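Each chain is listed here by its residues.
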Amino acid sequence: MTNDQWTNVDRYFTDLLAPADEALAAALADSKAAGLPEIAVAPNQGKLLNLLATTMGARTILEIGTLGGYSTIWLARALPADGRLITLEYDPAHADVARANIARAGLDKKVEVRTGAALDTLPRLEAEGAGPFDLVFIDADKANNAHYVSWALKLSRPGTLIIVDNVVRGGKVAVADPDDAAITGTREMIELVSREPRLDATAVQTVGTKGYDGLLLARVVG
């Protein structure tokens, strides 16, 4: 199998099962025009996030890593009318693009974009009593993945679903590499999850338009 084949299959699934609408297409186009890195989740992965949030009846969602708001839109569309989503973005320019994309999608009343380093913002959320969140999606700097999962636990309840993106790293996650902070941070996170009795988890490998990668899914059980 090749990347071209993976991409063609992704396009087939996406065209039939997760076709782009105006708001989603515009979010990607405006993010690209603003110079944001093209690292948003693939459309079928966005639909997966939406289905997971919908299936569990999520009313409150925390997202760590907003980028241009593409995954935010998918997640926020799963919320009921009185649901809320807080998304954390380090880069103020990225946050501005995301706010515009979210507003165009008609979701700005449900979604709050907070700017700043997540490890500074998360303690503020705890102090405000912002949790517990029903679903936490982590897709930020990989070096801090273990810290983000620890904070997700603090802001969760039994039944909360924690999803971490980009955990396979092209297959490199299986081999320690002290010179790659993304791999080190991801391995630390997975090892933390494996030891944590409050989490029941698995990880899945994926191939597609984003290459070879995967997701970790963990349910809070106590």
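Reading guide: rules and limits
Numbering of residues starts from 1 in each chain and follows the order in which that chain's sequence is written. Reporting in this predicted model follows two pLDDT cut-offs: at least 70 for local features of residues, and 80 or more for side-chain atom pairs to be given and counted; totals over whole chains, interfaces and linings ignore these cut-offs and use all residues. Working from all heavy atoms in the structure, the side-chain values ignore hydrogens and water. Helix numbers and strand numbers start at the N terminus; a helix is a DSSP run of H or I with at least 4 residues, a strand a run of E with at least 2. In this description, contact between two residues means that some pair of their heavy atoms is separated by no more than 4.5 Å. Values of accessible area rely on a 1.4 Å probe in the Shrake-Rupley scheme; residue burial ignores everything except the protein chains shown. Take the buried Ala, Val, Leu, Ile, Met, Phe, Trp, Tyr and Cys residues and link them wherever side-chain atoms come within 4.5 Å; each set so joined is a nonpolar core. Partly exposed describes any residue whose relative accessible area lies between the buried limit of under 20% and the exposed limit of over 50%, with all areas from a 1.4 Å probe on protein chains only and scaled to the type maximum. Each reported salt bridge corresponds to a side-chain nitrogen of Lys or Arg within 4 Å of a carboxyl oxygen of Asp or Glu.

Engineer: Just checking my understanding: could you explain the overall build of the chain for this structure?
Structural biologist: Along the chain, the regular secondary structure elements total 8 helices and 7 strands. Over its C-alpha atoms, taken along the principal directions, the chain stretches across nearly 45 × 40 × 30 Å. Partitioning the contacts of the chain with sequence separation of at least 6, the portion at a separation of at least 24 is 71%. If you sum the accessible surface of the chain, you get close to 10,600 Å²; carbon and sulfur atoms cover 54% of it.

Engineer: What should I look at first to understand the nonpolar core in this one?
Structural biologist: Buried together is how nonpolar side chains tend to be arranged in soluble globular proteins. Judged by nonpolar contacts, the single largest core of 34 residues is most densely connected at I61, L75, L135 and I163. Considering every element that reaches this core, the biggest residue donor is helix 4 (residues 70-76), with 5 residues. Ignoring sequence-local partners within four residues, the contact set of I163 consists of L49, L52, L135, V136, F137, I138, L215, L216 and L217. In this structure, L125, F133, V193 and V220 belong to the second largest nonpolar core, which totals 30 residues.

Engineer: Help me out: how do you make sense of the pattern of salt bridges in this one?
Structural biologist: Think of it this way: side chains of opposite charge can pair up when their charged atoms draw near. Applying the stated criterion to the full structure yields 10 salt bridges. Salt-bridge contacts for D30 lead to R104; the nearest nitrogen and oxygen are separated by 2.9 Å. Taken together, the residues span a long stretch of sequence, with D30 in helix 2 (residues 22-33) and R104 in helix 5 (residues 92-104) at a distance of 74 residues. On the accessibility criterion, D30 (34% relative accessible area) is partly exposed. Given the relative accessible area of 38%, R104 is considered partly exposed. The salt bridge involving R157 is made with D134; its shortest N-O contact spans 2.9 Å. Taken together, the positions of R157 in the loop between helix 7 (145-154) and strand 5 (161-165) and D134 in the loop between helix 6 (118-128) and strand 4 (135-138) put the pair 23 residues apart, joining distant regions of the chain. In this structure R157 comes out as partly exposed when scored by relative accessible area, which is 28%.

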